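What follows is each chain in one-letter form.
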Amino acid sequence: MNDSKLDSARQTDDPNEKTPEVREISNSEQLFVIGGFNLIQKLLLIVTGLMTLGAAGLEILGIYEKGVVALADILMMFLYTEVVAMVVVSYTGRGSPFIYPIFIAITAIARLIVLQGKDMAPQNILFEAGAIVLLAIAAIAIMRLPRR
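What counts and what doesn't
- Per chain, residues are indexed from 1 in the order of the written sequence.
- Per-residue local features are limited, in this predicted model, to residues with pLDDT of at least 70; the limit for side-chain atom pairs, both in listing and counting, is 80 or more; totals at the level of whole chains, interfaces and linings are taken over all residues.
- Side-chain descriptors were evaluated using all non-hydrogen atoms of the structure, hydrogens and water having been removed beforehand.
- The secondary structure listing takes helices from DSSP runs of H or I that are at least 4 residues long and strands from runs of E that are at least 2 residues long, numbered from the N terminus.
- When a residue's accessible area, from a 1.4 Å probe over protein chains only, is under 20% of the maximum for its type it is buried; when over 50% it is exposed; and in between it is partly exposed.
- Charge counting follows a simple rule: Lys and Arg are positive, Asp and Glu are negative, and His as well as the terminal groups are ignored.
- One side-chain nitrogen of Lys or Arg within 4 Å of one carboxyl oxygen of Asp or Glu is enough to make a salt bridge.
- The contact criterion used is simple: two residues touch if any of their non-hydrogen atoms lie within 4.5 Å.
- We call a set of buried residues a nonpolar core when its members are Ala, Val, Leu, Ile, Met, Phe, Trp, Tyr or Cys and they connect through side-chain atoms within 4.5 Å of each other.
- Here the expected length of a helix is defined as 1.5 Å per residue gap, with one fewer gap than residues.
- Each patch is built from residues that are more than 30% exposed by relative accessible area and take part in no salt bridge. Like charges join if they lie within 9 Å; nonpolar side chains (Val, Leu, Ile, Met, Phe, Trp, Tyr) join within 5 Å.
- Throughout, the Shrake-Rupley method with a 1.4 Å probe supplies accessible areas, and for residues the shown protein chains are the sole cover considered.
- By definition, pLDDT measures how confident the predictor is in each residue, and it falls between 0 and 100.
- Only centres within 6.5 Å qualify two rings of Phe, Tyr or Trp (six-membered ring in Trp) as a pair; their planes then separate them into stacked at under 30 degrees, edge-to-face at over 60, and tilted for everything else.
- Two conditions define a charge sitting above a ring: the NZ of Lys or the CZ of Arg must be within 6 Å of the ring centre, and it must be within 35 degrees of the ring normal.

Visitor: So what about the side chain of Glu128? Which residues, and what values?
Guide: Examined against the element boundaries, Glu128 turns out to sit in helix H5 (residues 122-144). Despite being buried, Glu128 has no salt bridge partner; Arg111 is the closest side chain of opposite charge, sitting 12 Å away. With near-sequence residues (within four places) excluded, Glu128 lies in contact with Ile109, Leu112, Ile113, Gln116 and Met120.

Visitor: Run through the nonpolar core, naming residues and quoting values.
Guide: If you look at the biggest cluster of nonpolar residues, it comprises 8 residues: Val89, Ile99, Tyr100, Ile102, Ile106, Ile109, Ile132 and Ala139. Counting residues per element, the ones that place at least two in this core are helix H4 (99-116) and H5. If you tally residues by element for this core, the top one is H4, at 5 residues. Core analysis: the next-biggest nonpolar cluster, separate from the first, contains 6 residues, Ala56, Tyr80, Val83 and Ile104 among them.

Visitor: Any chance you could break down the environment of Asn124 for me, citing the residues and the numbers?
Guide: Its place among the elements puts Asn124 in helix H5. Judged by its relative accessible area of 33%, Asn124 falls in the partly exposed class.

Visitor: Could you give an account of the side chain of Thr107, naming the residues involved and the relevant values?
Guide: Within the secondary structure, Thr107 is located in helix H4. Thr107 gets classed as buried once you look at its relative accessible area, which sits at 14%. When near neighbours in sequence (up to four residues on either side) are disregarded, Thr107 contacts Leu75, Phe78 and Leu79.

Visitor: Explain H4 residue by residue, including any values.
Guide: Over its 18 residues, H4 runs 26 Å from end to end, which matches the ideal 26 Å to within 8%, given 1.5 Å per residue. When we look at burial in H4, the residues that qualify are Ile99, Tyr100, Ile102, Ile104, Ile106, Thr107 and Ile109. For H4, the elements touching its buried residues are helix H3 (71-92) and H5. Gly117 sits one or two residues past H4 and shows a positive phi near 50°.

Visitor: Before we move on, can you summarise a nonpolar patch on the surface with the specific residues and values?
Guide: A grouping of Leu39, Leu43, Ile46, Leu50, Leu53 and Tyr91 is seen on the molecular surface, where their side chains present a nonpolar patch of about 590 Å² in accessible area. For the nonpolar patch, the leading source of residues is helix H2 (residues 27-66), giving 5 residues. Take Leu53: its relative accessible area is 53%, and that puts it in the exposed class.

Visitor: Report on the confidence of the model for the protein chain, specifying residues and quantitative values.
Guide: On average, residues of the protein chain score 83 in pLDDT, and 83% of them reach the 70 mark or higher. For the protein chain, the element scoring lowest by mean pLDDT is helix H1 (residues 3-12), at 48; H5 scores highest, at 92. Of the regions scoring below 50 in pLDDT, residues 3-10 engages in 1 contact with residues more than four places distant in sequence or in other chains.

Visitor: Help me get a handle on the packing of aromatic side chains, residues and values and all.
Guide: This model, assessed by the stated rule, comprises 1 aromatic pair. Taking 6.0 Å as the distance between ring centres and 85° as the angle between the ring planes, the aromatic pair formed by Tyr100 and Phe103 counts as edge-to-face. Taken together, the positions of Tyr100 and Phe103, both in helix H4 and 3 residues apart, correspond to about one turn of that helix. A residue is classified by how much of its surface remains accessible, and Phe103, at 27% relative accessible area, is partly exposed. Above the face of the Tyr91 ring, Lys42 is positioned so that its terminal group lies 4.3 Å from the ring centre.

Spelled out as structure tokens, the structure:
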């Protein structure tokens, strides 16, 4: 049987079968939905940025009260900085928002290594260092990809 006969046979096999209806979305509906979700996204980004600034402020207050700046505190401030940068990039639409979560993950793993220090098993340090290398390779690949 050739293709045209197969197609006509498929169409006439079940006369009660209904084809699904595709509902057309009007331009005003599409504008309202997309605009609504964009507004919600912007508001959540503002809330995320404010919460991050609040957490950074509490971190600075804690450092001031202790009177000592530790490496873990500095790495935590880098985490806050990366989150703020990710919020800015997501809000403005400039740059690649995919790269910042990778930077945050690299900094978080480095902070974990610093905090666990000498109590950590050597193979875990290798695994976490390997994770940092993989994340760095992913960041390089994303940055080098052509942008459309």
